[in-house]
Amino acid sequence: MQICKVIGHIWSTKKEASLEGLKFMVVQEKNAAGGPFVAADLVGAGEGEEVLVVSGSTARYAVRNNVPIDAAIVGIIDTYETEKARKK
């Protein structure tokens with residue numbers, strides 16, 4: 001799992017049939033040098049929220065059918081604590 005921030009929405013009026021009904025968001029991994037990527041939103045996340053994202057076969061399993069996705073938002077983070085944060 002990755003901690004990401006939702007930074008935008010994807011609108012797609014035409015897509016593969018198995019993707020119908022899925023909402024897509026643009027996410028950016030927290031504290032990572034990589035660029036933004038698209039994740040299927042399974043929990044109703046909104047822009048600016050921190051979320052839990054799974055990828056690969058775990059993302060396809062989360063949707064519970066064989067859909068062509070690489071990443072899925074599976075949780076909205078309310079709060080988290082790390083050793084580094086406690087030292088501040």
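Above this text is the structure in question.
Predicted, not measured: the structure shown is a model, and the values here were computed from it.

Participant: Just to check I follow, could you spell out the overall build of the chain for this structure?
Facilitator: Along the chain, the regular secondary structure elements total two helices and five strands. The order of α-helices and β-strands along the chain, N terminus first, is β-β-β-β-α-β-α. Once the C-alpha set of the chain is aligned to its principal axes, its extents read approximately 50 × 25 × 25 Å. Considering only contacts within the chain whose residues lie at least 6 apart along the sequence, 50% involve residues at least 24 apart. Carbon and sulfur atoms form 50% of the exposed surface of the chain, whose accessible area is close to 5,900 Å².

Participant: Just checking my understanding: could you explain the environment of Y80 for this structure?
Facilitator: Considering the arrangement of structural elements, one finds Y80 in the loop between strand 5 (71-76) and helix 2 (83-86). For Y80, a relative accessible area of 40% corresponds to the partly exposed category. Sequence spacing of Y80 and S18 is 62 residues, and the spatial spacing of their C-alpha atoms is 34 Å.

Parameters and conventions
Residues numbered from 1 in each chain as written. Predicted model: local features only at pLDDT ≥ 70, side-chain atom pairs only at ≥ 80, totals over all residues. Heavy atoms only, no water. Helix = DSSP H or I, 4+ residues; strand = E, 2+ residues; numbered from the N terminus. Contact = heavy atoms within 4.5 Å. Areas by Shrake-Rupley, 256 points an atom, 1.4 Å probe, with all protein chains shown as cover. Buried < 20%, exposed > 50% of the residue type's maximum accessible area, 1.4 Å probe, protein only.

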